[in-house]
Amino acid sequence: MPPNPFMLAAIREARLGASEGGIPIGSVLVRDGKIIGRGHNRRVQDDNTMLHAEIDCLINAGRIGGYRDTVLYSTLMPCFLCGGAVVQFRIPTVVTGEARTFPGSESFMREHGVEVVNLDLPECIGMMEKFIAEHPALWSEDIGQ
């Protein structure tokens, strides 16, 4: 099966974040087969605790009216902050690269009617395992531990 082009775009965002000295998590928002927003975790770069990848992506998408016909792609299972935004804006589907390194808010999103698809991609797992091993304190800060 060929790689999902939207997940590949999210992975590019994650790599961009890492190249900026940040946490390698990326996200894209898709409507009608087109990317309408993209972002990556910018907590370190912007010294802003709220700028997780999915939040950055939604900010960059701008005001789009409604979200009921969108799909959010993220390289890592969204945390409760980002899962809350998914539920709040009624994004119907979240496709994630992995949830092995962080289980996130999968059950919360499902309980609120969100379809969650976990691709369990070795590339996404490897990116996060490497980052967590090299930056454990920053990772703990990012997930609120």
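Below is a summary of the structure that appears in this document. (Residues numbered from 1 in each chain as written. Predicted model: local features only at pLDDT ≥ 70, side-chain atom pairs only at ≥ 80, totals over all residues. Heavy atoms only, no water.)

This part covers unusual backbone geometry. What is expected of a backbone is that most residues other than glycine have negative phi and most peptide bonds are trans. For D32, which is not glycine, the phi dihedral falls at a positive 50 degrees. With respect to the helices and strands, the residue D32 is situated in the loop between strand 1 (26-31) and strand 2 (34-40). The phi dihedral of R90 is positive, around 60 degrees, even though this residue is not glycine. Relative to the elements of secondary structure, R90 occurs in the loop between helix 4 (80-88) and strand 4 (93-96). Taking relative accessible area as the criterion, R90 reaches 52% and is therefore assigned exposed. (Helix = DSSP H or I, 4+ residues; strand = E, 2+ residues; numbered from the N terminus. Buried < 20%, exposed > 50% of the residue type's maximum accessible area, 1.4 Å probe, protein only.)

Here helix 1 (residues 5-19) crosses helix 6 (residues 122-134) at 15 degrees, and the two axes come no closer than 11 Å. With respect to their mutual orientation, helix 1 and helix 6 come out roughly parallel. The chirality of how helix 1 crosses helix 6 is left-handed. Residues I11, A14 and R15 of helix 1 form the contact with helix 6, whose participating residues are E123, C124 and M127. Looking at the contact of helix 1 with helix 6 residue by residue, the class counts come to 4 nonpolar, no polar and 2 charged. (Axes fitted to C-alpha atoms, helices over the stretch in contact; angles between N-to-C directions. Parallel < 35°, antiparallel > 145°, perpendicular 65-115°, else oblique. Left-handed = near helix turned anticlockwise from the far one by under 90°. Contact = heavy atoms within 4.5 Å. Nonpolar A, V, L, I, M, F, W, Y, C, P; charged D, E, K, R; others polar.)

Quick look at the environment of R90 now. Note: C-alpha distance between R90 and E54 (36 residues apart in sequence) is 14 Å. When residues no more than four places from it in sequence are discounted, the contact partners of R90 are Y67 and R68.

In this section: the packing of aromatic side chains. Taken as a whole, this structure holds 4 aromatic pairs when the rule is applied. When the ring of F6 is compared with that of Y73, the centres are 5.4 Å apart and the planes differ by 45 degrees; the resulting orientation is tilted. In this pair, F6 sits in helix 1 while Y73 sits in strand 3 (residues 70-74), placing the two residues 67 residues apart along the sequence. As far as the burial class goes, F6 and Y73 line up, both buried. Both rings, one in F102 and one in W139, keep their centres 5.8 Å apart while their planes meet at 85 degrees; by these two values the pair is edge-to-face. (Phe/Tyr/Trp six-rings, centres within 6.5 Å; stacked < 30°, edge-to-face > 60°.)

With that settled, consider the pairing of strand 1. By the criterion of burial, strand 1 is predominantly enclosed, with 6 of the 6 residues buried. Looking at chain direction, strand 1 and strand 2 are connected through 6 bridges and run antiparallel. By the bridge assignment for strand 2, L29 is matched with G37. Two successive antiparallel strands, strand 1 and strand 2, enclose a turn made up of 2 residues, where D32 displays a positive phi of approximately 50 degrees. Sheet topology places strand 1 next to strand 3; 5 bridges connect them, and they run antiparallel. Looking across to strand 3, one finds that R31 is bridged to T70. (Pairing = 2+ DSSP bridges.)

As far as function goes, none of this settles anything; it's purely spatial.
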